[in-house]
Structure formats: C-alpha cells, structure tokens
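Residue-level structure breakdown
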Amino acid sequence: MIASALPTLLVIPTGIGCELGGYAGDALPAARLLAAASGCLITHPNVMNGAALYWSDPRLHYVEGSAMDRFAAGLIALKPVRQQRLGLLLDAGIEEELRWRHLQVAEGCRASLGLDIGPVAVSDEPLQVTLSKGASGASWGQLGRPEALLRAGKRLKEAGATAIAVVARFPDDLGSEALSAYRQGSGVDALAGAEAVISHLLSRELGLPCAHAPALSPLPLDRGLDPRAAGEELGYTFLACVLVGLSRAPDLVLLPAAAADLLRIEQVGALVAPAGALGGAAVLACAERGVPVIAVQNPCVLQVNAADLGLEVWAAASYAEAAGLLLALREGISPAALRRPLPRLVV
Amino acid sequence: MRPAALALQQFTLQPLTLQLRRQPGPLLAQIEAALRIHGEPLRWAITAVEASDFDSAGVLDSLLTLEAVLLV
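**Considerations on the sheet that holds strand β6 (residues 116–122) of chain A**
Residues and elements named next belong to chain A. Taken together, 4 strands build an open sheet; the order of strands is β6-β5-β9-β10 and the sheet is parallel. The two strands at the open ends of the sheet, each matched to only one other strand, are β6 and β10 (210–215). Geometrically, the sheet is characterised by an average inter-axis angle of 20° between neighbouring strands, direction not taken into account. As paired elements, strand β5 (residues 85–90) and β6 share 5 bridges and run parallel to each other. Directly across from L90, in β6, lies its bridge partner V122.

**Details of the environment of A3 of chain A**
Residues and elements named next belong to chain A. With respect to the helices, strands and loops of the structure, A3 is situated in the segment before β1 (8–10). Looking at A3, the number of C-beta atoms within 10 Å reads 12, which means it is exposed. Linking A3 and G193, residues 190 residues apart in sequence, is a C-alpha distance of 38 Å. Residues within four places of A3 in sequence aside, it is in contact with R330, E331 and G332.

**Focus on the sheet that holds strand β3 (residues 60–62) of chain A**
Residues and elements named next belong to chain A. Across the sheet, 6 strands lie side by side as β3-β2-β1-β12-β13-β14; this open sheet has parallel pairing. Every interior strand has two partners, whereas the edge strands, β3 and β14 (314–316), have only one. Strand-to-strand twist across the sheet, computed as the mean angle between neighbouring axes with direction ignored, equals 25°. In terms of strand pairing, β1 meets strand β12 (residues 270–274) through 3 bridges, oriented parallel. Pairing of T8 across the sheet is with A270, part of β12.

**Examining the nonpolar core**
All names here are of chain A. Ranked by size, the top nonpolar core spans 140 residues in total, and within it A31, L34, A165, L243, L271 and I294 carry the most contacts. Ranked by the residues each element gives to this core, the list is headed by helix α7 (residues 192–206), at 8 residues. Two domains each provide a minimum of three residues to this core, namely domain 1 (8–80 + 253–338) and domain 2 (85–247). Among all residues touching A31, those that are not within four sequence positions of it are L10, L41, T43, V47, M48 and L60.

**Observations concerning the environment of A281 of chain A**
Mapped onto the elements of the fold, A281 of chain A is located in helix α9 (residues 281–289). It is 5.7 Å that separates the C-alpha atoms of A281 of chain A and D69 of chain A, two residues lying 212 residues apart in sequence. Setting aside chain neighbours within four positions, we find A281 of chain A in contact with D69 and A72 of chain A together with L28 of chain B.

**Overview of the interface of chain B and chain A**
The interface of chain B with chain A comprises 25 residues on the first partner and 32 residues on the second. Among the secondary structure elements, those contributing two or more residues to the side of chain B that touches chain A are α1 (4–7), β1 (13–21), α2 (27–36), β2 (40–54) and β3 (60–71) of chain B. Ranked by residue count, the leading element in the side of chain B that touches chain A is β2 of chain B, at 8 residues. Here the residues of the side of chain B that touches chain A sort into 17 nonpolar, 5 polar and 3 charged.

**So, helix α1 (residues 28–38) of chain A**
Residue and element names in this part refer to chain A. Inspection of α1 places L28, A30, A31, L34, A35, A37 and S38 among the buried residues, and these make up the whole buried set. In this fold, the buried residues of α1 make contact with β1, β2 (41–43), α2 (45–48), β3, β12 and α11 (319–330). Just downstream of α1, G39 is the residue with a positive phi angle, here 85°.

**Quick look at the packing of helix α3 (residues 65–72) of chain A against α7 of chain A**
Residues and elements named next belong to chain A. The N-to-C vectors of α3 and α7 enclose an angle of 55°; their axes lie 7 Å apart at closest approach. Here α3 lies oblique to α7, going by the angle between them. Each of G65, S66 and A67 in α3 lies in contact with α7, whose residues at this interface are A196, H200, S203 and R204. Tallied by class, the residues present in the contact of α3 with α7 amount to 2 nonpolar, 4 polar and 1 charged.

**Re the packing of α1 of chain A against α11 of chain A**
The angle between the axes and the distance between the axes are what describe a pair of packed helices. Residues and elements named next belong to chain A. The geometry of α1 relative to α11 is characterised by a closest axis approach of 8 Å and an angle of 15° between their N-to-C directions. By the angle between their directions, the pair α1 and α11 is classed as roughly parallel. Once α1 is placed against α11, the crossing between them reads as right-handed. Here A30, L33, L34, A37 and S38 of α1 come into contact with α11, specifically with Y319, A320, A322, A323, L326, L327 and R330. Residues of the contact of α1 with α11, tallied by class, amount to 10 nonpolar, 1 polar and 1 charged.

Rules of the game
- Residues numbered from 1 in each chain as written.
- Chains lettered and ligands numbered in written order.
- Predicted model: local features only at pLDDT ≥ 70, side-chain atom pairs only at ≥ 80, totals over all residues.
- Pairing = 2+ DSSP bridges.
- Helix = DSSP H or I, 4+ residues; strand = E, 2+ residues; numbered from the N terminus.
- Axes fitted to C-alpha atoms, helices over the stretch in contact; angles between N-to-C directions.
- Buried ≥ 20, exposed ≤ 12 C-beta atoms within 10 Å, placed from the backbone.
- Contact = placed C-beta atoms within 7 Å.
- Core = buried A, V, L, I, M, F, W, Y, C linked by C-beta atoms within 7 Å.
- Domains from an automatic or database assignment.
- Nonpolar A, V, L, I, M, F, W, Y, C, P; charged D, E, K, R; others polar.
- Parallel < 35°, antiparallel > 145°, perpendicular 65-115°, else oblique.
- Left-handed = near helix turned anticlockwise from the far one by under 90°.

The following block contains the structure:
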C-alpha cells in the first residue's frame, strides 16, 4: 500500500533557458513522473504548456507562477474544482485572421474536450507587448497598456469567468538569432518573460487562475528544429494547452479562510527546483518554512545555487532521482539513509 | 492582492536591476522590502550572487543581484 500523497511544488522558472523545461512544455514528462511519485504536484504553466500539446492528470495542479508564490508565502490556499468557466481575453492588437484562429481553438476545445469557455472579451486598445533581456540573459518583457489588460479581465470576471486565458499579440522576430537559437535548442525563450508579466498582473489583480498564450505569425519550416521546441510548431496558436490547463486549475482562496477542503502550504512536503535557479520567491518562502527543497541539476543561464544562498537542499542529478527522493519523503524514509557515505551521529 | 479599485488606475510596469547586500535574518523579507522602495514587485528573481562568505557571526555575507518588474 502506498503512503498518502505528499503535496509537492515543482518550479522551473520561465525564460532562463533551462535545459529541461525551457522549451515547449518539455518538462511535462518530468512533471508527470513527479506527480506519480508525490501523488499531488502543484506546478505552473511553463511546465505544463506545450502549445498544441498538453496532459491532464488529476494529480497535477495548474497554478500560475505569481499565485504559486502567494501560495508558498501562505497568503492563499488552493481549492480543487471540477471545472472552471474560462473567460477568453484577446488583445485588440491581434489581426483579424489570427483572432479567428484563436476563437476556433476555443471552439475546438468546447466541442472536442467539453470545456466551458466564454465569455470572450477584446481589450479596448492594443496591449503593446515588448520583449527584453536582462543582464543575466533571462527574458523579460513589458506591456505598454497594462490597464487595458486589467479592464478587459475585470469585464470577464463580472461576466462570470472563474479563470482567464489571455492571448496577446507578440512581436514577430522572424529571422532573429534568438529565435533561431531557441528553435535549434540552444537559446532562451524570448517570449517567456513577457508572458509571465501578463499572467502575474492579471492573476494578482483579479484573484483568478490565469495563463497566457502568445499570438504570433506561423513560422516557416525549420528542418533543424529541436524536438523540445516542436510542440509550438504544430498549429496556428499556443492556446489549446492554456485552456486545458486552466479548465481544472484550482481556485485561489485568500487566507485566512475557514473552508476544510483547501490545500495549504502547511500540507506541502517538498519543493523541486533547478539547482541553479533557487533565487525565486516560492523557493525562498518554502526554504524559510522548513519545507525540504530538492535541487535538480538542470543547467540554465543563472547560477544561483544553494551554497550561494545558504540553503540546505537535497541534490538530485536528474528529475528521475528527484522522483526517488520524493517517494522516499512520501514513505517516511530519510533521504540521507539512501546515500553513502552515511556520517556518524555527532554527540 | 491590491483592491480592484486601484487596479484600474494609471500605472506603468518598470524593469529594475538592483544590488542588495544580504543582512542577517530571513532573505525573502529583505528582498521584498528593497524592491518596495522602488514600486510594487510584480515579478523578480535573484539572478546572481557575488563572493559569498560567512562573517564572524556565522552569517552568509553576499551581494545579490535582483532583476525585477515593478508596478509604479
């Protein structure tokens, strides 16, 4: 008989070029494995979104990155739901044909997957997304009209949406070196930072599950395409995975709250994050609470490791090893007992 | 979370790169306080750590680089 679930957070920050998880939903196999090992995995859209590809598993909880930070800080709890009513927010900057493509993805998800989608709103002015890169090499981005995003989101919430999928027009950078490197598996996802800014802003202001898909012109065929980027080349939009992920995303419940069926940070038994990207809010909040942190070897553009931050972590050479550590924690086996040498107790 | 009424006021998103000398005590609160001097943190990460060492009191002495986007 297997022990009861060990709720676990999986963080693979977006836009830092993680070897695993820095592309089009290419951390999904790892997330599925960790969900099986823990019985309950809370993770964010960057891990789960593979554009036209996705995976639905009741053990996987899809929580936007800033909501994960607030959950880790004990500010909100998560309430599992059967289904969300998805509002679809479209940037007024999207051309008509591209807008139709996205509406038809939503129609397909209603007809073929049974998702509850609508209301739909178009922002009252173009959102004006721009992309940038930090000194570290991490991708960042901006919105020229953030208040237009919030106005449209508020309209959707008032019309009954319980979760919001956003599609913003992103600048096409056809022929750029960054895009070429990304498609060939050696670069940072240049869109990811701006995507995170959009979903963070909407989620924190409206208190609803939110996620983002970029609207872009289709790319020409690249025969050297890296398999990790292939999920984004299957269709006209990246929206399908967002709609599926949000359809069962847990409600975000502001604490303190009395409800009994909430998932709270106090129940979390572990956090898994890349060994070189431990300097985020969720990781620090969990570490400061004494939640065991499993630091996985997963190279990226950052080198912010446990020793630099004075954190005690369990090191794992791969997500497969991290799954073993989670299973040990779930079964009440000290991970130290699985390693050699085993130091003597100090009196 | 900010009240909805505030959400519709004019504001901008501003990028910020900041260096922070770590002090004794929990790190998260130090970071959030340093960022709030400049605006409301929307997204941030420690992107580099320089020359860490333990001081005479056993506290890790390090200079952190933060990259952030703030609501201003």
